[in-house]
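Survey of secondary and tertiary structure
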Amino acid sequence: MDTKLYIGSPVKARLTILEQGRVSEVSLEEANHWTLGRKTETNSPDIPLASPIAGREHGVLVCMSGNWYYLDKGSANGTYLNGVRIDNHYKETSQPQRLCGGDLMEIDGGDLLQPDERRVWLLFSQGTGQEDWLSHRLEEPELQVGGAGAGGLELPFLQEEIPYARLFCDEDRTCVASADGELAAGALEYELQDIVGNGRVQVNCRDVGNGVLLKDRDVILMDGQPLVYAGRTLYYRSQPGRVPGSQQVGDEIKRQAGEKGQRESLLLQVDIHTRKVPVGSGVRELLRGVKLQVSAGSLVAVLGTSGAGKTTLMNCMNGMDTKGVEGSICFDGIDLLKNYEQVKYRIGSVPQGNVINPVLTVRKELEFAAKKYLPADTTKQEQEQRVADTLRKLRLEAVQDNRISKCSGGEQKRVNIGVELVLDRQMLCLDEPDAGLDPQMKTELFEILRELAHNENKMIFVIIHDVSDISLFDQVILLTKVEGVGRLAFSGSPEHAEAFFGTGMKEAYGLLSSRPEYYVEKFAGMS
Ligand SMILES: Nc1ncnc2c1ncn2[C@@H]1O[C@H](COP(=O)(O)OP(=O)(O)OP(=O)(O)O)[C@@H](O)[C@H]1O
Ligand SMILES: [Mg+2]
């Protein structure tokens, strides 16, 4: 386990793996990074699968900041989460899928009507009290299944107190299974009869009719909620879970992302001792002693004279260019110098200059970004909703059908930001987004960004030169150059900056350029 990434303590969770003729369980809290794949003579993943349709490096499960995520590593057959195919075109921008207790993952074609014999079910449990997946080992020759109070096996997620189905095994036939769940060849299975009718009980998405003989790893749907039959055991959820293809998936992620406890804990902690880059045959030190902290829900101005190191610092904080950095940069507890892959999808950057396609319309540009980069389980409806929300938040609705080339400079800047916003990044880094805007447009842009930071708990960094609107910002980071090296002269609220310099921000620039070393040392002495 020494090669595992360690990102805080892994959270209690369990994966139940249902493969052909085999049921196994993994307690995920033993590590926070697990590779999942087909075991071969030369390949030993942490969670080994036997199925030939699983890839050697099929996917990874990672725990970050108290949540478990799954990332498909580019497997040929893909992975389905609650019936929706996860993006398996593994690339830089791949987005891990947040897992919730009760999630049902599958390695197969995802078509329940035509299940593959070799398919694998992965049941994810994260119950803190009660487990999310419960199981009932079928010992009895007959079992009635229904809602609470109906007798027999009572399923907590069924709404009505009535029997839904009956399972029975002909007593003349023997059902043989060994203690570890391995089915003996030729073991007989249970038959299922629908009691409730109206298509409310299905097996592999087909109506049950007069009865169905269950096969290992069949999925029984009762009012749309799945039960998996494997190793003569029924696996079922302790409460209703996310259902295939449902809007609930996005809603649940949003709900959890917005949980207050999580909001308050999101921090960026920067402690750069130095950043040196090779220049010719020597090295040049670009930054030294930059130690600061920013919390979510803040609009942050990054200030300093030209060449002071603003872009350099921003590209360290967003993880885009960290070569030669000594120190640590932790986003939500994860050091992005070491584990950038784990956090990059939560951070968006808009570099200096235009990066968008001028021939597209504003709406098309955002739709394109949503389609290309949002997680694969995002429905078309959710994509459209994101685009509509982004247009509204950035006040671009009136120009949504204009070609970008015909938009004003301010609108073009907002489209640039929109591309990142549509992807719902938690941290946004904008390098001089106000360049070329008139004062009124600048103010409007900063007001929009402030609303976004505050209402959506985002951390937004903006490199600016003009400090006329500084009161709209929650924090200022002020850099200066001492003997050619970028240094931190101040980090804190604009009010504290004024107290620190004993003057307004505009005048502070002048003071700083005359005595840079004095202010760097004064600030370092205070923090
Ligand atoms: N990779 C590099 N190699 C050598 N020098 C570099 C490198 N990157 C940046 N610099 C130098 O570091 C200093 C800071 O550059 P940076 O782009 O961060 O400045 P800035 O504060 O963003 O300036 P501006 O306001 O002009 O955009 C500059 O002198 C720049 O030439
Ligand atoms: Mg710059």
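Since this is a predicted model, take the numbers as computed values, not measurements.

About the criteria used
- Residues numbered from 1 in each chain as written.
- Chains lettered and ligands numbered in written order.
- Predicted model: local features only at pLDDT ≥ 70, side-chain atom pairs only at ≥ 80, totals over all residues.
- Heavy atoms only, no water.
- Pairing = 2+ DSSP bridges.
- Helix = DSSP H or I, 4+ residues; strand = E, 2+ residues; numbered from the N terminus.
- Axes fitted to C-alpha atoms, helices over the stretch in contact; angles between N-to-C directions.
- Parallel < 35°, antiparallel > 145°, perpendicular 65-115°, else oblique.
- Left-handed = near helix turned anticlockwise from the far one by under 90°.
- Contact = heavy atoms within 4.5 Å.
- Nonpolar A, V, L, I, M, F, W, Y, C, P; charged D, E, K, R; others polar.
- pLDDT = per-residue confidence, 0-100.
- Buried < 20%, exposed > 50% of the residue type's maximum accessible area, 1.4 Å probe, protein only.
- Core = buried A, V, L, I, M, F, W, Y, C linked by side-chain atoms within 4.5 Å.
- Domains from an automatic or database assignment.

The subject of this paragraph is the sheet that holds strand β18 (residues 206-207). Spatially, the six strands line up as an open sheet ordered β12-β22-β21-β20-β17-β18, and their pairing is antiparallel. What marks the edges here is a single partner per strand, and that holds for β12 (133-137) and β18. Sheet topology places strand β20 (residues 218-222) next to strand β21 (residues 225-230); five bridges connect them, and they run antiparallel. Bridge pairing in β21 links Val219 to Val228.

For the rest of this paragraph, the subject is the packing of helix α9 (residues 494-501) against helix α10 (residues 505-514). One way to put it is that α9 packs onto α10 with a least axis distance of 10 Å and a crossing angle of 45°. In this view, α9 runs oblique relative to α10, as classed from their interaxial angle. α10 is crossed by α9, and the crossing has left-handed handedness. For the pair formed by α9 and α10, the contact residues are Ala497, Glu498 and Phe501 on the first element and Met505, Ala508, Leu511 and Leu512 on the second. The residue inventory of the contact of α9 with α10, partitioned by class, reads six nonpolar, no polar and one charged.

The subject of this paragraph is the confidence of the model for the protein chain. Close inspection of predicted coordinates is inappropriate in any region flagged by low pLDDT. Averaged over every residue, the pLDDT of the protein chain is 85; the share at 70 or more is 87%. By mean pLDDT, the top-scoring element of the protein chain is strand β30 (residues 459-463) (97), and the lowest-scoring one is helix α1 (residues 248-257) (38). Between residues 173-186, whose pLDDT stays under 50, and residues either more than four places distant or in other chains, the model counts 24 contacts. Per-residue pLDDT stays below 50 along residues 244-264; that stretch engages in 29 contacts with residues further than four places along the chain or on separate chains.

Time to look at the pairing of strand β25 (residues 298-303). Burial analysis of β25 places six of its six residues in the buried class, the great majority of the element. Summarising the sheet, β25 and β30 pair through five bridges and their orientation is parallel. Note on β30: the bridge partner recorded for Val302 is Ile463. As paired strands, β25 and strand β31 (residues 475-482) are joined by four bridges and run parallel to one another.

Among the nonpolar cores identified, the biggest contains 91 residues, and Leu268, Leu303, Leu449 and Phe461 are the most heavily contacted of them. Of the domains in this structure, domain 1 (14-131 + 245-257) and domain 3 (267-352 + 426-526) are the two that each give at least three residues to this core. Apart from the residues within four sequence positions on either side, Phe461 is in contact with Leu268, Val294, Val300, Val302, Met314, Met317, Met427, Leu428, Cys429, Leu430 and Ile477.

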